[in-house]
Protein chains: 2
Amino acid sequence: MENQNNTRFLKACRGEPVDIKPVWFMRQAGRYMKAYRDLKEKHTFLEMCHTPELATEVTLQPIKALEVDAAIIFADILLPLEPMGTGLEFTKGDGPVIPRPVRSRKDIENLKPVNSEEQLGFVGDAIRMVRSEMNGKVPLIGFAGAPFTLCSYMIEGGKSRDFTITKVMMYETPDLWKQLMDKVCTVLIDYLKMQVKAGAQALQIFDSWVGCLGPSDYEEFILPYSKRVIQALQETGVPVINFSTGTSTMLPLVKQAGGDVMSFDWRINLDDAWNQVGFDQPIQGNLDPSILFAPIPVIRKRVEDVLKRARNRPGHIFNLGHGILQHTPVDHVKAVIDMVHEYRYE
Amino acid sequence: MENQNNTRFLKACRGEPVDIKPVWFMRQAGRYMKAYRDLKEKHTFLEMCHTPELATEVTLQPIKALEVDAAIIFADILLPLEPMGTGLEFTKGDGPVIPRPVRSRKDIENLKPVNSEEQLGFVGDAIRMVRSEMNGKVPLIGFAGAPFTLCSYMIEGGKSRDFTITKVMMYETPDLWKQLMDKVCTVLIDYLKMQVKAGAQALQIFDSWVGCLGPSDYEEFILPYSKRVIQALQETGVPVINFSTGTSTMLPLVKQAGGDVMSFDWRINLDDAWNQVGFDQPIQGNLDPSILFAPIPVIRKRVEDVLKRARNRPGHIFNLGHGILQHTPVDHVKAVIDMVHEYRYE
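Residues numbered from 1 in each chain as written. Chains lettered and ligands numbered in written order. Predicted model: local features only at pLDDT ≥ 70, side-chain atom pairs only at ≥ 80, totals over all residues.

### As for the relation of the copies chain B and chain A
As a reminder of what qualifies: Residues below a pLDDT of 70 in either copy are left out; the C-alpha atoms of the rest, at least 70 in both, set the least-squares superposition of the copies. Any pair of residues counts as being in contact when their C-beta atoms, constructed from backbone geometry, are within 7 Å of one another.
With an RMSD of 0.0 Å, chain B superimposes on chain A once it is rotated by 180° and translated 0.0 Å along the axis. A rotation of that kind, with that shift, is consistent with a two-fold axis. When C-alpha positions in chain B are compared against the rotation axis, the closest is assigned to T249 of chain B, at 3.3 Å. Looking at the interface residues of chain B, 100% of them are also at the interface in chain A, so both copies use one shared face.

As structure tokens, then:
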């Protein structure tokens, strides 16, 4: 199978010039699409993740309907928690629930080692099927949650506003925090390497909630672990995208964690963010997902604002600052792709 | 009644040197205190807000138990919504619910004008009672939500993660947004001036959720309204504290909205934030509320970090970056106050 190193997405990941700016969307396969909702009527979210044929079908839905420049495998950032033994459930409208949260030394010791090939092989199978079905149309991205985001779900038992239980473990028992993060890093590295072996041509690490921390906490409790995972994955040769939200005040630290591409949210102007990490650093972002609900002329103004701030510099992948929201009009997603592809720098 | 202009809190608000650094906490009257929980067993949250005797009792609980340098009237940021006609309820553990959300032109037109003296007079009564009971011990702060935060609750109907309905109103129907914000500004100015007339010696405007927006949205849709409210309130002569969270990437814009004091969250180092708005700007902040759950030595390290970053510059009020969290140990709150008061710069 060809490596597609000359596609505009992978070229942009390496900071090389491209003919047309690449664009894809986090959560581009999901509830805003009718084809997805139809399938969701017959299967639970986890069934779709666990069944390679279904995950493949969902992954391909936006590839068929939209002119995106990359596919991302349909999965959940938290799938590695299942074989670790915490449980993982999705309750309607309430997001992930972890039935057996990890809060004590005993809880951490009880976490099981994971053999990703065996226990998370369904993701690898889906990656193989998608690669085969796409037949080189666009590159395929694999992904998982970053160490902090995974641990925060494990500790809190689900989503959280203040992440207090997580922070208390950091502050009160830094040795437990280290022990838990070490275990999660090991699983993540194994799991994501398995994805590359199956055919993922890039990886994205989602640190969706790390923005609840201040810079010194990030530096002490997060950076070393994210860095370890990213470095281990870079050994595979595929580009790694370091995604986070709410980290605009500590971008130089996030850059230290590494990654071939840094992905920003919309809380900072793209040029300010890029300037902070250096224009030789490939980046991704950063339209506010809510903008997609606006009328087309408003969307156009905002898309062009991002494109103008990026200027004609190589190494920019157009994306949102976070995932596509549930009721986003598909036509508006299509329109953004066209705007990006048709935009010409003077 | 004396104006207490020489208290360390009010001096710091004006950027004047103080003997000992002032400290108070957002939500210093609340669920983490046993005296509060005991009262809460007998009354609902809104009953306590509506009954001046109860609001007074709760306001004074931390003044009796802790050596804080300011009191803040017990109330809710959303109280002005009740006389506007949207309704306001607090469901157990779920935060505020607005039974009649404001989403259409008709909804906005139906909002009622408010006579704060008559309809929110219970807050004024509580302020008068607290001033009288405290008898000059520490100054009293009045407050309300900022225009954006109030409108976001009105539009979403409660708390939100993405604020999409709010943002869509901004982008799709900017004239409706303006109409709603205008109405909310009028009510807020009337309500907060009433608080000053009743005896509030400083005011804090809580823009708790404005950090969901990027800089250009803030500039276009928020700044003019926050500025209008703050300027109108400054005419009363009391200092106005401009509080927001998640705005570390747009502090110069937040400064344009005005305020005698700017209050930062913990997502940025205090000295970086202060430097961005100029060291002649009095500031407040910025310990992470979660730190209060840590062991005392960890708390001490973090408190001293904030104090060192502030240096010996006049115009710093020590506070958290957001309100005290529910299960915070009271002893830890006390310890922080002592640490701040006992700290000596070289």
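### Concerning the nonpolar core
This is how the line gets drawn: What makes a nonpolar core is a set of buried Ala, Val, Leu, Ile, Met, Phe, Trp, Tyr and Cys residues, with links drawn between C-beta atoms within 7 Å. Once C-beta atoms are placed from the backbone, each residue is buried if 20 or more other C-beta atoms lie within 10 Å of its own, exposed if 12 or fewer, and partly exposed for counts between those two.
Residues I73 and L203 of chain A together with I73 and L203 of chain B are the most contacted members of the largest nonpolar core, which totals 240 residues. Leave out the neighbours within four places in its chain, and L203 of chain A touches I141, G142, F143, L192, Q195, V196, L233, V238, V240 and I241 of chain A.

### Concerning the interface of chain B and chain A
Worth spelling out the cut-off: Each helix is a run of DSSP H or I of at least 4 residues and each strand a run of E of at least 2, with the numbering of both proceeding from the N terminus. Classification used: nonpolar for Ala, Val, Leu, Ile, Met, Phe, Trp, Tyr, Cys and Pro, charged for Asp, Glu, Lys and Arg, polar for all others including Gly.
The partner chain A presents 24 residues to the 24 residues of chain B that form the contact. The greatest single-element share of the side of chain B that touches chain A, amounting to 5 residues, is contributed by helix α10 (residues 164-172) of chain B. Residues that form the side of chain B that touches chain A fall into these classes: 11 nonpolar, 8 polar and 5 charged.

### Some remarks on the pairing of strand β5 (residues 202-207) of chain A
Residues and elements named next belong to chain A. This is how the line gets drawn: Only strands joined by at least two bridges in the DSSP assignment are considered to pair. If the strands point away from the viewer and the path from the first strand over the helix to the second runs clockwise, then the crossover is right-handed.
Counting buried residues in β5 gives 6 out of 6 residues, a clear majority hidden from the surface. Here β5 shows two buried faces, one formed by A202, Q204 and F206 and the other by L203, I205 and D207. Where strand β4 (residues 140-145) meets β5, 5 bridges bridge the pair, whose relative direction is parallel. Pairing of F143 across the sheet is with Q204, part of β5. This β-α-β element, β5 to helix α12 (residues 215-234) to strand β6 (residues 240-244), shows right-handed connectivity.

### Structural notes on the sheet that holds strand β6 (residues 240-244) of chain B
Either a parallel or an antiparallel arrangement is found when strands of a sheet pair, and the pairing is made through backbone hydrogen bonds. The 7 strands lie next to each other as β1-β4-β5-β6-β7-β8-β9 (chain B), forming an open sheet whose pairing is parallel. Each edge of the open sheet is held by one strand with a lone partner, namely β1 (71-72) and β9 (316-320) of chain B.

### Notes on the sheet that holds β6 of chain A
Residues and elements named next belong to chain A. If you walk across this open sheet you meet the 7 strands as β1-β4-β5-β6-β7-β8-β9, and the pairing is parallel. In this open sheet, the two edge strands, each paired with only one partner strand, are β1 (71-72) and β9 (316-320). As paired strands, strand β7 (residues 261-263) and strand β8 (residues 283-287) are joined by 2 bridges and run parallel to one another. Pairing of S263 across the sheet is with Q284, part of β8.

### Here's the deal with the packing of helix α9 (residues 147-156) of chain B against α10 of chain B
A pair of packed helices can be characterised by two numbers: the angle between their axes and the separation between those axes. All names here are of chain B. Rules: Think of each axis as a best-fit line through the C-alpha atoms, taken over the contacting stretch in the case of a helix, with angles from 0 to 180 degrees between the N-to-C directions. Throughout, the term roughly parallel applies to angles under 35 degrees, roughly antiparallel to angles over 145, roughly perpendicular to angles from 65 to 115, and oblique to all others.
Here α9 crosses α10 at 105°, and the two axes come no closer than 8 Å. Between α9 and α10, the angle is such that the two are roughly perpendicular. Two secondary-structure elements touch here, α9 through C151, S152, I155 and E156 and α10 through I165, T166 and M169. Residues that form the contact of α9 with α10 fall into these classes: 4 nonpolar, 2 polar and 1 charged.

### Section: helix α16 (residues 330-342) of chain B
Residue and element names in this part refer to chain B. To be explicit about the condition: To estimate the expected span of a helix, count its residues, drop one, and scale the result by 1.5 Å. Directions drawn from the helix axis to the C-beta atoms are what define this arc.
Spanning 13 residues, α16 covers 18 Å between terminal C-alpha atoms, matching the ideal 18 Å at 1.5 Å per step. Taken residue by residue, α16 has V333, V336, I337 and V340 as its buried positions. The arc that holds the buried residues of α16, viewed along the axis, is 100°, so those residues lie on one side. Away from the buried face of α16 by more than 90 degrees, exposed residues D331 and E342 are located. Summarising the contacts, the buried residues of α16 are in contact with α15 (296-310) and β9.

### Topic: the environment of E57 of chain A
Counting through the fold element by element, E57 of chain A comes out in helix α4 (residues 52-65). In this structure E57 of chain A comes out as buried when scored by C-beta crowding, with 21 C-beta atoms within 10 Å.

### Notes on unusual backbone geometry
The omega torsion across G285 of chain A and N286 of chain A is -5°, close enough to zero to call that bond cis. The phi dihedral of N135 of chain B is positive, around 50°, even though this residue is not glycine. For N135 of chain B, the position within the fold is in the loop between α8 (121-134) and β4 (140-145). For N135 of chain B, a count of 8 C-beta atoms within 10 Å translates into the label exposed. With phi around 55°, R311 of chain B is a residue other than glycine that occupies positive phi space.

What is shown is where atoms sit, not what they do.
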